[in-house]
Amino acid sequence: VFVIEKEEHLGGVSKQLHSLYPSAKPGESLIQEKLKEIYERDIKIFTQTEIDNISGYVGNFKVSLKSGDGQIAPPPLEVGAIVLATGFQLYQPEE
């Protein structure tokens, strides 16, 4: 399992939220719990990285990465499935 994050740290906007439904836990607390779970498993995290190219077919994809921090990108990843999470921004109503 691989996690590709374009920002420097995982968690995004969720880390900044005061409380999250339904637990009412602070966003930072929930993110820390999830990060602990990630680190306990065999999950490779790439931060400051974006997907450059995807080729292949269902069950057999090759994913090329590009690093945003100037480091050399790893060789293409071979994966069977891809899950895309786009993040969010808080809605600010206007009068």
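Definitions and cut-offs
Residues numbered from 1 in each chain as written. Predicted model: local features only at pLDDT ≥ 70, side-chain atom pairs only at ≥ 80, totals over all residues. Heavy atoms only, no water. Core = buried A, V, L, I, M, F, W, Y, C linked by side-chain atoms within 4.5 Å. Buried < 20%, exposed > 50% of the residue type's maximum accessible area, 1.4 Å probe, protein only. Contact = heavy atoms within 4.5 Å. Helix = DSSP H or I, 4+ residues; strand = E, 2+ residues; numbered from the N terminus.

(A) Inspection of the nonpolar core at higher detail. Of all hydrophobic cores here, the largest spans six residues; its members are Phe-46, Phe-61, Val-63, Leu-65, Leu-77 and Val-79. Setting aside chain neighbours within four positions, we find Phe-61 in contact with Ile-54, Ser-55, Gly-56, Leu-77, Glu-78, Val-79, Gly-80, Ala-81 and Ile-82.

(B) Structural context of unusual backbone geometry. That bond from Tyr-21 to Pro-22 is cis: its omega, 0 degrees, falls within 30 degrees of zero. Note on placement: Pro-22 falls in the loop between strand 1 (2-4) and helix 1 (27-40). Backbone geometry places Ala-24, a non-glycine residue, at a positive phi of 65 degrees. Examined against the element boundaries, Ala-24 turns out to sit in the loop between strand 1 and helix 1. Given the relative accessible area of 53%, Ala-24 is considered exposed. Phi at Gln-48 takes a positive value of approximately 50 degrees, unusual for a residue other than glycine. With respect to the helices and strands, Gln-48 occurs in the loop between strand 2 (44-46) and strand 3 (49-57). Relative accessible area serves as the criterion here: at 26%, Gln-48 is assigned to the partly exposed category.

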